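Residue-level structural notes
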Amino acid sequence: MKTLVVCSGGLDSVTLAHKVAAEYELASLLSFDYGQRHRKELGFAALCAERLNVPHRSIDMREIGRGLSGSALTDSVDVPDGHYAEDTMKVTVVPNRNAIMLATAFGLAAAHKVEAVATAVHGGDHFIYPDCRPAFIDAFQMMQDRALDGYAKVRLYAPYVNLTKADIVKDGATYGTPFAQTWSCYKGAERHCGRCGTCVERREAFHLSGHPDPTDYEDSDFWLDALRRRTA
């Protein structure tokens, strides 16, 4: 299955790229610059493509991103600290982000005779992001089947949609994913902050998977307090 991977440069999508390279035919990596404050992740996507010896395309969506206002990822809104499953994290939603990106990816896949588009959405995203849920994945596939009817058949490959981030870490370890060469933090500083939802989720995932976490965090212990508050 010749597959294009939508790769942000984060732990999940880089792991997915390594999985596809091992199990299928990795055609290329596709990234999007939508004006995210943590756009340094794009450099990690480029490194992944270089490592796997495939083309990498980064599409400039900054003008669109400016119109998708109100998100802590694109506006001058503080990225909240805490566990990913807290209501405060909804401020990180960029409306329709995955739908826009996947529609573009499917167009490119159809034009270049690629059989599948892979996305690394996972079960931990369901609470916050509606365009990461199984119902969205199923509906998007149905929509693309209609949009490309008679022209191309492209499969939406989402192997992690019902799995946890800890499961992704375990999977990544089997494929030799260099976790230190991935970026999660939404604050986009020089080091992972260790306090935002994505950092807490990342730290927790390594803990639950039993795999050592190579990430350099500014605050490596905050995740424990966040987890206690969440479960209290």
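An unreviewed UniProt entry annotates the protein as 7-cyano-7-deazaguanine synthase of Mesorhizobium shangrilense. One UniProt comment on the protein, placed under Pathway (unreviewed entry), says "Purine metabolism; 7-cyano-7-deazaguanine biosynthesis." In its Function (unreviewed entry) section, the UniProt entry covering the protein states "Catalyzes the ATP-dependent conversion of 7-carboxy-7-deazaguanine (CDG) to 7-cyano-7-deazaguanine (preQ(0))."

Another point: the UniProt feature "binding site: ATP" (unreviewed entry) in the protein. Here, UniProt's "binding site: ATP" (unreviewed entry) annotation points to Cys 7, Ser 8, Gly 9, Gly 10, Leu 11, Asp 12, Ser 13, Val 14, Thr 15, Leu 16 and Ala 17. Taken from the residues named earlier, the lining of the largest cavity is made up of Cys 7, Ser 8, Gly 10, Leu 11, Asp 12 and Ser 13. Along the polypeptide, Cys 7 turns up in the loop between β1 (2-6) and α1 (11-23). What makes Cys 7 buried here is its relative accessible area of 1%. Filtering out sequence-adjacent residues up to four positions away, Cys 7 remains in contact with Ser 13, Val 14, Leu 29, Leu 30, Ser 31 and Ala 45. Mapping Thr 15 onto the fold places it in helix α1. Look at Thr 15 and you get buried, because its relative accessible area is 0%. Ignoring sequence-local partners within four residues, the contact set of Thr 15 consists of Tyr 160, Ile 168, Asp 171, Gly 172, Thr 177 and Phe 179.

This paragraph deals with empty space enclosed by the protein. Empty space among the atoms becomes apparent when a probe as large as a water molecule is rolled across them. Counted under the stated rule, the structure contains one cavity of 30 Å³ or more. It is helix α4 (residues 97-111) that provides the largest number of residues to the lining of the largest cavity, a total of four residues. The residue makeup of the lining of the largest cavity, split by class, is 16 nonpolar, eleven polar and six charged.

Bringing the layout of surface pockets into the picture now. Roughly 190 Å³ of internal volume is contained in the second largest pocket. Contributing to the lining of the second largest pocket are 13 residues, with Leu 4, Ser 28, Pro 55, Arg 57 and His 112 lying nearest its centre. Among the secondary structure elements, those contributing two or more residues to the lining of the second largest pocket are β1, β2 (25-33), β3 (56-60) and α4. With four residues, the single largest contributor to the lining of the second largest pocket is β2. Of the residues that constitute the lining of the second largest pocket, the class distribution is eight nonpolar, three polar and two charged.

Quick notes on the rules
- Residues numbered from 1 in each chain as written.
- Predicted model: local features only at pLDDT ≥ 70, side-chain atom pairs only at ≥ 80, totals over all residues.
- Heavy atoms only, no water.
- UniProt positions renumbered as here; feature names shortened; annotations may be inferred.
- 1 Å grid on protein atoms, 1.4 Å probe; cavity = no way out; pocket = protein on both sides within 12 Å on 5 of 7 lines; lining within 4 Å.
- Helix = DSSP H or I, 4+ residues; strand = E, 2+ residues; numbered from the N terminus.
- Buried < 20%, exposed > 50% of the residue type's maximum accessible area, 1.4 Å probe, protein only.
- Contact = heavy atoms within 4.5 Å.
- Points joined across faces, edges and corners; volume = space filled by probe spheres on them.
- Nonpolar A, V, L, I, M, F, W, Y, C, P; charged D, E, K, R; others polar.

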